[in-house]
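So you can see what is in the structure, the chains are spelled out below.
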Amino acid sequence: MTMKRQLRDLKVWVMVGLLSLGGAWGQRAIAAETLRLKLGPLQQTLQLEDLETFAETGQVPRNLRPYGVFLDGNLQKFLQRRLQIEPEMADQFFDQLWRSPTGKQILAQIQTALPGTSIQDLQATVDLALGQGVEISALNLLQAYPKQELTIDLTAVAGLLLQLNLPNIQNQLLAPRVTEALESTEPQIFQRSNLNPTAPGPQTVRRQSLILQDAKRDRTIPIDIFDSPQSQSQLVVLSHGFAANRHFLDYLAVHLASHGYTVVTLDHPGSNIQSLFNPGLNLDTLLPATEFVDRPMDIQFVLDQLERLNQDQTLTTRFATDNVTVIGHSFGGYTALAIAGGIVDPIAIRAHCQRATPLTRAPGDWLQCAAAKLPYDQLNLRDERVKQAIALNPLSDQIFGEQGLEKIKIPTLIVASTKDTVTPSLAHQLKPFQQLGGEKYLVVADGATHMSVTDVSNRDSALAQSTLVPEVMGNAAEPVRQMVRGVSLSFLARHQTRGQNYQQFLTGAYVQSLSQGAIKLRLTETISPELERFLSRLPQAPSSTAATAPTKQAAFLNMGRSPNPSPNSTYPQGVLTESLKPLMTNLEAETFLAMKPENFDVLYQKPGRISEKR
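Read on for an overview of the structure. (Residues numbered from 1 in each chain as written. Predicted model: local features only at pLDDT ≥ 70, side-chain atom pairs only at ≥ 80, totals over all residues. Heavy atoms only, no water.)

## What to know about the packing of aromatic side chains
Given two aromatic rings, their pairing is described by the distance between the two centres and the angle made by the two planes. Overall, the coordinates contain 7 aromatic pairs when judged by the stated rule. An aromatic cluster is built from Phe292, Phe331, Tyr334 and Phe400, whose rings are joined through pairwise contacts. Over the ring of Phe491 we find Arg494, and its NZ or CZ is 4.4 Å from the ring centre. (Phe/Tyr/Trp six-rings, centres within 6.5 Å; stacked < 30°, edge-to-face > 60°. Lys NZ or Arg CZ within 6 Å of the ring centre and 35° of its normal.)

## A closer look at the state of the cysteines
A complete count under the given rule lists 1 disulfide for this structure. The residue that forms a disulfide with Cys353 is Cys369, at a sulfur-sulfur distance of 1.9 Å. For the disulfide bridge between Cys353 and Cys369, the dihedral angle about the S-S bond is near -100°, and by the sign convention the bridge is left-handed. Taken as a pair, Cys353 in helix 13 (residues 346-355) and Cys369 in the loop between helix 14 (363-368) and strand 10 (376-380) lie far apart in primary sequence, 16 residues in all. Accessibility expressed as a relative area gives 13% for Cys369, which makes it buried. (Disulfide = S-S within 2.5 Å. Helix = DSSP H or I, 4+ residues; strand = E, 2+ residues; numbered from the N terminus. Buried < 20%, exposed > 50% of the residue type's maximum accessible area, 1.4 Å probe, protein only.)

## With respect to helix 15 (residues 425-435)
Given 3.6 residues to a turn, an α-helix orients residues that are three or four positions apart in the same direction. Burial of helix 15 is extensive: 9 of the 11 residues sit out of reach of the surface. The set of residues buried in helix 15 consists of Ser425, Leu426, Ala427, His428, Gln429, Leu430, Pro432, Phe433 and Gln435.

## What to know about the pattern of salt bridges
Applying the stated criterion across every chain, the model contains 18 salt bridges. With a shortest N-O distance of 3.1 Å, Asp294 and Arg217 are connected by a salt bridge. Of the two residues, Asp294 is situated in helix 11 (residues 291-310) and Arg217 in the loop between strand 4 (205-214) and strand 5 (219-227); the sequence distance between them amounts to 77 residues. The exposure class of Asp294 is buried, given its relative accessible area of 14%. (Salt bridge = Lys/Arg side-chain N within 4 Å of Asp/Glu carboxyl O.)

## Description of the environment of Gln203
Note on placement: Gln203 falls in the loop between helix 9 (166-181) and strand 4. Spatially, the C-alpha atoms of Gln203 and Ser258 are 4.6 Å apart, while their sequence positions differ by 55 residues.

## Overview of the pairing of strand 11 (residues 386-392)
The buried count for strand 11 comes to 6 of 7 residues, which makes it a mostly enclosed element. As paired strands, strand 8 (residues 324-329) and strand 11 are joined by 6 bridges and run parallel to one another. If you follow Gly328 over to strand 11, its bridge partner there is Ala391. Bridge count for strand 11 against strand 12 (residues 412-417) is 4 bridges, and the pairing is parallel. Counterpart to Ala389 in the pairing with strand 12 is Thr412. (Pairing = 2+ DSSP bridges.)

## Let's talk about the nonpolar core
Within the largest apolar cluster, 71 residues are counted, with the highest numbers of intra-cluster contacts made by Ile223, Phe292, Tyr334 and Leu535. Here the element with the most residues in this core is helix 11; it accounts for 9 residues. When residues no more than four places from it in sequence are discounted, the contact partners of Ile223 are Gln208, Ser209, Leu210, Leu212, Arg246, Val264, Thr265, Leu266 and Val302. Counting 45 residues, the second largest nonpolar core, distinct from the first, contains Leu256, Leu413, Val443 and Tyr510. (Core = buried A, V, L, I, M, F, W, Y, C linked by side-chain atoms within 4.5 Å. Contact = heavy atoms within 4.5 Å.)

## Let's talk about the packing of helix 11 against helix 12 (residues 331-339)
Orientation of helix 11 relative to helix 12, taken along the N-to-C sense of each, is 70°, at an axis distance of 9 Å. What the angle tells us is that helix 11 and helix 12 run roughly perpendicular. Crossing handedness for the pair helix 11 and helix 12: right-handed. Counted together, Glu291, Phe292, Arg295, Pro296, Ile299 and Gln300 of helix 11 and Phe331, Gly332, Tyr334, Thr335, Ala338 and Ile339 of helix 12 form the full contact between these two elements. Per-class residue counts for the contact of helix 11 with helix 12 are 7 nonpolar, 3 polar and 2 charged. (Axes fitted to C-alpha atoms, helices over the stretch in contact; angles between N-to-C directions. Parallel < 35°, antiparallel > 145°, perpendicular 65-115°, else oblique. Left-handed = near helix turned anticlockwise from the far one by under 90°. Nonpolar A, V, L, I, M, F, W, Y, C, P; charged D, E, K, R; others polar.)

Set out below in structure tokens:
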């Protein structure tokens, strides 16, 4: 895409954004006739009547020809589109908006974007529209403004788009109702008071880093192996989100390894933080569509290599590659659900992305729209070695279609955050949870955001410091990390036969007991009919018939692992095996710790400190 085309697209979406702002907060009033657009010191005016003519006919009136770069079929459809909202739900939302501290803060931001507009102007506009029972559209909202001229500051609008869209409206309505509906009334009685799944385990933890080369796919995959002298017969694989890396959940890897689980964290080279610095990167190539296939295949490749290591009789420790739990965050949550058996549905993505507007999109929706370019109807990326999955704030709205997650039959746990503006909980977690088959758990963290589950070392990241997408991280998010530690361990250990009952910690009473401060935690295994009805009544994006898919290479592509994968003769097995020998020795703990640290780092030794090298 040329720079000129990128600039044109940016201008189009700025125009759509300013209309979205009007579409989210104003409604039909009396006298708005002129729009005055401000961009820094520049100002331009246009007549609302001319914009109405364009919306109705598609013809660009003479007075709008200077704005021709903005005016195309997509903008016309946006201006025509109407959103139905039940008056009862709208009354509830706006009542909270006028009175709550958060609402007042939002209104102050709106006034910055609409200079000269008072709260009384906004309230009069909304009250009139609600009283008339009209459907919401960008045009009737602009018409509703009770003054002849509406000034819009485009710079301020750009900073509000992520906060003033439909998913965030859903979040604000959803949080208090879900937290109340899932509140546990069970007594907090646990069978063993000395059993604490959030506490570090008794095992010594160390880490070794390796670099694997997948020659067939030309992908270099760094991995870290977190191990202990006495390993459980389970293997855990951690998958990071978009623009992150394998250290994103290091605290969880250390915690699980201290309880005897072998944990492997990997970098996905096409969607990690390093991928953002590739030469020639632009908006079209920010996330290649192939990453939706390559990520699950990265995990399959790593498991294949660990299986080959298991064939080396000189190594006394074995990777439990036939009993794998995949834990992923955000895009990694998608990865976990895909490799667990969710059927990826590019047709559903194409239809969604053709009809979606900024009013109905969250940042995660923009990412999943990259999958629309996949030339298939459906994708099966299931790996039978994966027996369980945990998806933290997963990207899972439209990517699996309406039925793709029903194919997941293995135990699955999903974590949602009510203030997640990247993958909002209604579309990306609550609705997908209802599709899941088999044993399943849903944890809701009220007051948490998309990045709240991350390692505390990421609190100074660019996203954490952003004022555009406020994130709850660092010390404020410690209750969320404690929950992730305790629930993940309990999920892994719930069926073990050593006399320790971890199933008792996968209950609403236990998870709720971890709530602290502004973070309220809930767990459920089902969505009640009452809550389901409430979810269905939330403001929804307009539906559309799925468009015909473009030419496909295959109607159904099954990329699941075959029972007997062929060996990869180009892989340097000898080098890899040799590099792992110091890690896989059958030594007593004392000797194990006394080894020189050239080949591994000791991360945790009970009850000492965690010391870490990177």
